[in-house]
Amino acid sequence: MPLPDEKSIAQNPLFPPLPSYEPSTALRIQSLIIRPISFVSTLMCLSLLGLLAACKTINSIANHTFQRLTFRNPDKKRPFYEEEKKRKIQRAKEGKLWSKTSDAEQDAEQREFVATEGGPDPIVCDVSYYARRVGLDVEFFKVQTEDGFIIDLWHVYDPAEYTTLSEARRAARGPEVWNESGPSHPKNPTARKPKFPVLLIHGLLQSSGTFCVNDDDSLAFFLCKAGYDVWLGNNRCGFTPKHATLKTTDPRMWSWTPREMGNLDLPALTSRVLFETGFEKLGFIGHSQGTTQTFIALSKDQRPELGEKISVFCALAPAVYAGPLIQRFFFKFMSLLTPRLYYLVFGNHAFIPFMMTIHKILPGHIYGLFGYRMYHYLFDWSDTRWDRGLRDRMFQFAPVYVSAESMKWWLGRECFAKQKCILSTREETLQEDELDKLDLSNISAGPSTSQDPNIKPTRQWYNEQVPPFAIWAAGSDALVDGRKLLNRFNRGREPHARIVHQKVIEEYEHLDVVWAMDAVEQVGREVRDVLWKTCPVRDVVRVPRGCEEVDVWRDPKKELMKEAI
């Protein structure tokens, strides 16, 4: 499948051309000079942020202590306070009583998913360990992108009915996409019907471990136990940067943005899942930046063919339009740097790689506290709706390696921070706002069926290859503005877009869509149902639990074609 025309991309202000790093002695010398300078400058930036986060933490602790001293319990204000206490007691009880031998010998008929790990949580960066705690497991695949990156693909499975592949068969293949037929894993003709495949992709600075930290309430484990074949994609570099030919010291290894993650990583991951499962399409779920790269890739001037491989795109906290948080001083500081000064401060390699060193050095509980406080300060997120007893675990799968070039795309002076959108310029967005004059706090419950005649034609992002969308927006999300995306679709600006489901959860912040204690009720079950109602092969795959009464979604585009015939 051909890549987008680079000439047209170069003329797009949203995707300026990437620096060209030709291998030479001058480049090696330049990199050797930049690295120590950027190391010192980024260490200073990280230290300053850590100090500011510590000051905010001290203030929070002081306030908490004062309330305790005045015989008030501030935790009672938490919306799930009683449920949190109940779960904490239950985990402690199970941790003391758990025995690997006794649990493994339980009658399988009495307990379908038998845990093979348990006891006190050691707080580790290992998705397979947390899968085994809930009676599942994970096998690890390597995938090669068309530009040579070796990325991670994790397969969540039920060990009672699936036999893992050998390491050789899980190794990287490619780098071509869409040119292999599957499945690689032979099907047993006497076995139950196969499960429909679902691919999940994570957000910025995270890995797909994000979907695996809430025990049975984790989205990945919930969907697996419901009856889906769950695959977790990870973007380039991740925890261990790998490339077929480049070394991590080569600046070409780090010359990429969300556009490359969408145009190259997603097709490689999708192609591998379809090859391993033998299906023609899969369900797709993205969170935050995972939605960014997908919305970019699906657009008509990028890799719209990807849409033909996806039955439905479920976007959680979609990062398409910027929220007010991007105006905070440390984000504004990055947008004020000239390109040359940006590279001098942050380098032309990984973005603040010292964060990964901290991750490796600090014990799990200490790092979990450090990670939360940093994220809380930077993004103003809180753990109000999370199970605080699992919070340290949640931050074991972040951060991962990302390129300084990618962070420049998000926060530099040219792209997202300036345009406030991933696919429209600032001028285009302002023009649309002026034309509709909508109250964006009151979006209609369903998508509009026709183009508003009062709105002038605007540049469309998608063509007829785009898959159906389902969107869950966080109403209290200051980082991105999900309402503006829904507004774009509901106003008919994308005539090829079909919205299967949409929801604004008013009380949710950016990470609550995956980590809130009621995320299964608010998001998970609806995602499960949407995946099933749009499944194109319902007659050949098993029906997920809880979907027995879910009707088939009628594609309006196909219905119109039938009427025309």
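Up top is the structure.
Residues numbered from 1 in each chain as written. Predicted model: local features only at pLDDT ≥ 70, side-chain atom pairs only at ≥ 80, totals over all residues. Heavy atoms only, no water.

Trainee: Outline the overall build of the protein, listing residues and values.
Mentor: A tally of regular secondary structure across the protein gives 20 helices and eight strands. Scored against the burial criterion, the 565 residues of the protein give a buried share of 56%. Considering only intrachain contacts with a sequence separation of at least 6, the fraction spanning at least 24 residues in the protein is 77%. Of the roughly 25300 Å² of accessible surface on the protein, 56% is carried by carbon and sulfur atoms. (Helix = DSSP H or I, 4+ residues; strand = E, 2+ residues; numbered from the N terminus. Buried < 20%, exposed > 50% of the residue type's maximum accessible area, 1.4 Å probe, protein only. Contact = heavy atoms within 4.5 Å. Areas by Shrake-Rupley, 256 points an atom, 1.4 Å probe, with all protein chains shown as cover.)

Trainee: Describe the pairing of strand β5 (residues 282-287), listing the residues and the values that go with them.
Mentor: Along β5, six of the six residues are buried, which leaves the element largely enclosed by surrounding structure. Of the two faces of β5, the one carrying L282, F284 and G286 and the one carrying G283, I285 and H287 are both buried. Examined bridge by bridge, strand β3 (residues 196-201) and β5 share four bridges and lie parallel to one another. Paired with I201 across the bridge in β5 is G286. (Pairing = 2+ DSSP bridges.)

Trainee: Could you give an account of the nonpolar core, naming the residues involved and the relevant values?
Mentor: Among the nonpolar cores identified, the biggest contains 154 residues, and I285, F295 and F469 are the most heavily contacted of them. Once you skip the residues sitting within four places of it in the chain, I285 turns out to touch V198, L199, L200, I201, L219, L223, C314, L316, V527 and L531. (Core = buried A, V, L, I, M, F, W, Y, C linked by side-chain atoms within 4.5 Å.)

Trainee: Tell me about the pattern of salt bridges, residues and numbers included.
Mentor: Taken as a whole and judged by the stated rule, the model has 41 salt bridges. For D75, the salt bridge goes to R68, with nearest N and O atoms at 3.3 Å. A residue is classified by how much of its surface remains accessible, and D75, at 17% relative accessible area, is buried. For R68, a relative accessible area of 41% puts it in the partly exposed group. Across the pair D265 and R236 runs a salt bridge, and its minimum N-O distance is 2.8 Å. Of the two residues, D265 is situated in helix α7 (residues 258-277) and R236 in the loop between β4 (228-233) and α7; the sequence distance between them amounts to 29 residues. As far as the burial class goes, D265 and R236 line up, both buried. (Salt bridge = Lys/Arg side-chain N within 4 Å of Asp/Glu carboxyl O.)

Trainee: Let's hear about the pairing of strand β8 (residues 499-505): which residues, and what values?
Mentor: Where burial is concerned, most of β8 is hidden: five out of the seven residues are buried. With helix α17 (residues 482-490) bridging strand β7 (residues 469-474) and the parallel β8, this β-α-β connection has right-handed handedness. (Right-handed = clockwise from strand over helix to strand, strands pointing away.)

Trainee: Can you break down the packing of helix α9 (residues 329-336) against helix α12 (residues 364-379) residue by residue, with the values?
Mentor: The geometry of α9 relative to α12 is characterised by a closest axis approach of 9 Å and an angle of 75 degrees between their N-to-C directions. As the angle between them shows, α9 and α12 are arranged roughly perpendicular. Contacts between α9 and α12 involve F329, F330 and F331 from the former and Y377, L378 and F379 from the latter. Classifying every residue of the contact of α9 with α12 by side-chain character gives six nonpolar, no polar and no charged. (Axes fitted to C-alpha atoms, helices over the stretch in contact; angles between N-to-C directions. Parallel < 35°, antiparallel > 145°, perpendicular 65-115°, else oblique. Nonpolar A, V, L, I, M, F, W, Y, C, P; charged D, E, K, R; others polar.)

Trainee: Summarise the environment of R132; cite the residues concerned and give the values.
Mentor: Locating R132 in the fold gives a position in helix α5 (residues 127-132). You can call R132 buried: its relative accessible area is 19%. C-alpha separation for the pair R132 and A115, spaced 17 residues apart in sequence, amounts to 5.5 Å. In terms of polar contacts, R132 uses its side chain to reach the side chain of E117, at 3.5 Å. (Polar contact = N/O pair within 3.5 Å; in protein donor to acceptor, adjacent residues only side chain to side chain.)

Trainee: Go over the packing of helix α8 (residues 289-298) against helix α14 (residues 404-411) with me, naming the residues and quoting the values.
Mentor: The contact between α8 and α14 brings their axes to 14 Å, and the two run at 85 degrees. On the basis of the axis angle, α8 is roughly perpendicular to α14. Along its contact with α8, which presents Q289, T292 and I296, the element α14 presents S406, W409 and W410. Tallied by class, the residues present in the contact of α8 with α14 amount to three nonpolar, three polar and no charged.

Trainee: Give a detailed account of the sheet that holds strand β2 (residues 150-157), specifying residues and quantitative values.
Mentor: The eight strands lie next to each other as β1-β2-β4-β3-β5-β6-β7-β8, forming an open sheet whose pairing is mixed. Edge positions in the sheet fall to β1 (137-144) and β8, since each of these pairs with one other strand and no more. Here the average twist between neighbouring strands, direction ignored, is 20 degrees. Direction of pairing for β3 relative to β4: parallel, over a ladder of six bridges. Paired with L200 across the strands is L232, a residue of β4. Along the sheet, helix α19 (residues 519-533) makes contact with β3, β4, β5, β6 (310-316), β7 and β8, crossing β8 at roughly 175 degrees.

Trainee: Can you explain a nonpolar patch on the surface? Please cite residues and give values.
Mentor: Together, I29, I33, I37, L341 and L344 make up an exposed nonpolar region whose accessible area comes to about 410 Å². Looking at the nonpolar patch, the elements with two or more residues in it are α2 (25-69) and α10 (339-346). No other element matches α2, which puts three residues into the nonpolar patch. On the basis of relative accessibility, which here comes to 45%, the residue I29 falls in the partly exposed class. (Patch = residues over 30% accessible without salt bridge, like charges linked within 9 Å, V, L, I, M, F, W, Y side chains within 5 Å.)

Trainee: Tell me what's going on with α9, and back it up with residues and numbers.
Mentor: All of the buried residues along α9 are F330, F331, M334 and S335. Buried residues along α9 cover an arc of 145 degrees about the axis, so they all sit on one side. Turned more than 90 degrees away from the buried face of α9 sit F329 and L336, all of them exposed. (Arc of directions from axis to C-beta.)

Trainee: Break down unusual backbone geometry for me, with residues and values.
Mentor: Of the consecutive residues A398 and P399, the connecting peptide bond is found in the cis state with omega at -5 degrees. Looking at where P399 falls in the secondary structure, it is placed in the loop between α13 (391-394) and α14. Even without being a glycine, S288 presents a positive backbone phi close to 55 degrees. Tracing the sequence through the fold places S288 in the loop between β5 and α8. You can call S288 buried: its relative accessible area is 8%. The backbone of K420 shows a phi angle near 65 degrees, a positive value even though the residue is not glycine. By the secondary structure assignment, K420 is in the loop between α15 (416-419) and α16 (426-436). Residue class for K420 comes out buried when judged on its relative accessible area of 18%.

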